[in-house]
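Given next are the chains, with one letter for each unit.
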Amino acid sequence: VVCCIDVRSEGLRRHLEAVGPYGTSGFAGFFGVAARVRPLGSTAGVDACPVLISPRHQIDERPRPGTAPRARTALDRLRTASTWAASLRAPEKRVHSALGWAELSGWMLGPLSALRSLAPGALGDARRPDELPDAPPTLFDLDSAMSLDEQVLTAETILTTMGMTQRFAPVVMLLGHGATTTNAPFRTALDCGACGGHRGGGSARIAAALLNAPAVRGGLAARGITIPDETVFVGGEHDTVTDRVTVHDTAGLTDAQRLRVRALEADLAIAGKRLRRERLAELPGGRRAGAEAEVDRRAADWAQVFPEWGLARNAAIVIGPRRLTRGIDLERRAFLHSYDPDTDADGVALTTILTAPLVVAHWINAQY
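All values reported here derive from a predicted model rather than from experimental measurement. (Residues numbered from 1 in each chain as written. Predicted model: local features only at pLDDT ≥ 70, side-chain atom pairs only at ≥ 80, totals over all residues. Heavy atoms only, no water.)

**Quick notes on the sheet that holds strand S2 (residues 25-26)**
This is how it is decided: When DSSP finds at least two bridges between two strands, those strands are taken to pair. By definition, any uninterrupted DSSP run of H or I lasting at least four residues is a helix, any uninterrupted run of E lasting at least two residues is a strand, and each is numbered from the N terminus. Here, two residues are considered to be in contact whenever any of their heavy atoms come within 4.5 Å of each other. What counts as an axis is a line fitted to C-alpha atoms, over the stretch in contact for a helix, and the angles between N-to-C directions run from 0 to 180 degrees.
The strand order across the open sheet built from 5 strands is S2-S1-S7-S8-S9, with neighbouring strands paired in mixed fashion. Across the chains shown, the open sheet's two edge strands, defined by having one partner strand only, are S2 and strand S9 (244-247). By the bridge criterion, 2 bridges tie strand S1 (residues 2-3) to S2 in an arrangement that is parallel. Bridge pairing links Val2 to Ser25 in S2. Where helix H7 (residues 201-212) meets the sheet, its contacts fall on strand S7 (171-178) and strand S8 (232-239), and the angle it forms with S8 comes to roughly 175°.

**Side note on the nonpolar core**
Our working definition: What makes a nonpolar core is a set of buried Ala, Val, Leu, Ile, Met, Phe, Trp, Tyr and Cys residues whose side-chain atoms join them at distances within 4.5 Å. Partly exposed residues are those whose accessible area sits between 20% and 50% of the maximum for their type, while under 20% is buried and over 50% is exposed, using a 1.4 Å probe and protein chains only.
Residues Ile59, Leu159, Leu174, Leu220 and Phe233 are the most contacted members of the largest nonpolar core, which totals 33 residues. Taken together, the elements giving at least two residues each to this core come down to strand S3 (35-38), helix H4 (142-145), helix H5 (148-162), S7, H7 and helix H8 (214-222). Ranked by residue count, the leading element in this core is H7, at 6 residues. Not counting chain neighbours up to four residues away, the residues in contact with Leu220 comprise Val152, Ala155, Glu156, Leu159, Leu211, Ile225 and Ile227. Val1, Tyr22, Val234 and Leu268 belong to the second largest nonpolar core, which has 17 residues in total.

**Points about the packing of helix H11 (residues 348-355) against helix H12 (residues 357-367)**
Worth spelling out the cut-off: For classification, angles of less than 35 degrees are called roughly parallel, those exceeding 145 degrees roughly antiparallel, those between 65 and 115 degrees roughly perpendicular, and all remaining angles oblique. Under the scheme applied, nonpolar residues are Ala, Val, Leu, Ile, Met, Phe, Trp, Tyr, Cys and Pro; charged residues are Asp, Glu, Lys and Arg; polar residues are all the others, including Gly.
Where H11 meets H12, the axes come as close as 3 Å, and the angle between the chain directions of the two elements is 25°. The pairing of H11 with H12 is recorded here as roughly parallel in orientation. Across the interface between the two elements, Thr352, Ile353, Leu354 and Thr355 from H11 touch Pro357, Leu358 and Val359 from H12. For the contact of H11 with H12, the per-class residue count stands at 5 nonpolar, 2 polar and no charged.

**Details of the packing of aromatic side chains**
Heads up, the condition is: Pairs were defined over the aromatic rings of Phe, Tyr and Trp, the Trp ring being its six-membered one, requiring ring centres within 6.5 Å. Orientation was assigned from the angle between planes: stacked under 30 degrees, edge-to-face over 60, tilted for the rest.
One pass over the structure, following the stated rule, counts 3 aromatic pairs. With centroids separated by 6.5 Å and ring planes inclined at 70°, the aromatic side chains of Phe168 and Phe233 adopt a geometry described as edge-to-face. Highlighted residues: Phe168 in the loop between H5 and S7 and Phe233 in strand S8, separated in sequence by 65 residues. Among the residues examined, Phe168 registers a relative accessible area of 11% and is labelled buried. Taking 5.1 Å as the distance between ring centres and 35° as the angle between the ring planes, the aromatic pair formed by Phe306 and Trp309 counts as tilted. By relative accessible area, Trp309 is classed as partly exposed at 45%.

**Let's talk about the pattern of salt bridges**
Think of it this way: side chains of opposite charge can pair up when their charged atoms draw near. Note the following rule: Note on definitions: salt bridges are taken to be side-chain nitrogens of Lys or Arg within 4 Å of carboxyl oxygens of Asp or Glu.
Scanning the model with the defined rule gives 26 salt bridges in all. Here Arg14 and Asp329 are joined by a salt bridge, their closest N and O atoms 3.2 Å apart. Of the two residues, Arg14 sits in helix H1 (residues 7-19) while Asp329 sits in the loop between strand S10 (316-319) and strand S11 (334-337), which places them 315 residues apart along the sequence. A relative accessible area of 13% means that Arg14 is categorised as buried. The partly exposed category is assigned to Asp329, whose relative accessible area is 45%. In this structure, Glu17 engages Arg326 in a salt bridge whose closest nitrogen and oxygen atoms are separated by 3.5 Å. Here Arg326 lies in the loop between S10 and S11 and Glu17 lies in helix H1, a separation of 309 residues in the sequence. A relative accessible area of 40% means that Arg326 is categorised as partly exposed.

**Notes on the pairing of strand S5 (residues 57-63)**
By the bridge criterion, 4 bridges tie S3 to S5 in an arrangement that is parallel. Bridge assignment links Arg38 to a residue of S5, and that residue is Asp60. With 3 bridges joining them, S5 and strand S6 (residues 138-140) adopt antiparallel strand pairing. From the neighbouring strand, Glu61 faces S6, where its bridge partner is Phe140.

**Some words on the sheet that holds S6**
Across the sheet, 4 strands lie side by side as S4-S3-S5-S6; this open sheet has mixed pairing. The sheet is open, and its two edges are formed by strand S4 (46-47) and S6, each paired on a single side.

**Remarks on unusual backbone geometry**
With a phi close to 50°, Arg167 is a non-glycine residue in the positive phi region. Within the secondary structure layout, Arg167 lies in the loop between H5 and S7. On the accessibility criterion, Arg167 (83% relative accessible area) is exposed. The backbone phi angle of Trp309 is positive, close to 55°, even though this residue is not glycine.

**Quick word on the pairing of S9**
Note on strand geometry: in a regular strand, side chains alternate between the two faces of the sheet. Relative to S9, S8 runs antiparallel, the two sharing 4 bridges. Note that in S9 the partner of Gly236 across the bridge is Val247. Linkage of S8 to S9, two consecutive antiparallel strands, is achieved through a turn of 4 residues, within which Asp243 is found at a positive phi near 60°.

**What about a nonpolar patch on the surface?**
Defined as follows: Each patch groups residues whose relative accessible area exceeds 30% and which form no salt bridge, using 9 Å between like charges and 5 Å between nonpolar side chains of Val, Leu, Ile, Met, Phe, Trp and Tyr. Residue-level accessible areas treat just the shown protein chains as cover; the underlying method is Shrake-Rupley with a 1.4 Å probe.
Residues Leu88, Met108, Leu109 and Leu112 make up a contiguous nonpolar surface patch of about 310 Å² in total accessible area. Among the elements that line the nonpolar patch, the one with the most residues is helix H3 (residues 98-118), at 3 residues. Locating Leu109 in the fold gives a position in helix H3. Classification of Leu109 as partly exposed rests on a relative accessible area of 31%.

Interpretation note: all reported values are geometric properties and have no functional meaning in isolation.
Below is the structure:
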């Protein structure tokens, strides 16, 4: 399981390794794909890479074949909700109508505000306003964005920088991260810094699709990196507020691969539950009975502008192989970037780590 170097991933890695025979590593959460990603239904792309790097490709998210009607329905619902929200807020922006609108709308919105304050989550599960309701299965259009040579070169860079060029596991999960929060003006600070302050699940999915492509694997084999046919890469996302992991794009897996991924999902759920208990012990209200539901309450509570405080105690970064830190409780305070000097004779990978991930980690440290 390849996690982002983020300090909030350290706890999940530690607990997962304690659950079963898993190897984990750390890599910047954009997974080496410097791209401007245009989410499904969006007219503008987001730079899903460190701000120190200029995106080299634009990759569009599209509905999977056969799901276009469902995608249109989901997009229509999102646009309708956005239109209603914009209409409700429009009078606030006009000098002559703002006070009158507050008096008028207060009778309608006041009870809803009270309900959201007294019973967070009563109006539905926490969901960010930019998320599609009932999102259809999607894919990322790599072939339109990158030539085959570019795809092979990018895949080679990903694997060599991670030090993953041989002895591939049957399942390799690339695990990005994001945060579910209801009312956070600092929301981008809770998402993936390596993805430019955006959620990392899309980047993980793009890299996994790239490394699963038969043509790309053929090009990698010609360059001396042979990925076994039974090895599959899957993309996922760790929600750092609830510590739940969502696995994407499993529809095309073989039966054997699907069984392995399901076993991994089950163990990730166990690891996430243990991590929630560990984190909640340090948060207000986390020790009371029923604290398992506390993470969901905090995600839905619009008073929680920082519902997890996961980055606040970051203190160090370790650049090296996992054997240096495996089995040590670093208390979710260390960025962990995997690095193997034996596969980096010319120092290119280390230079890359020192000029991008290290700087982003320093910025986060300075922020807090």
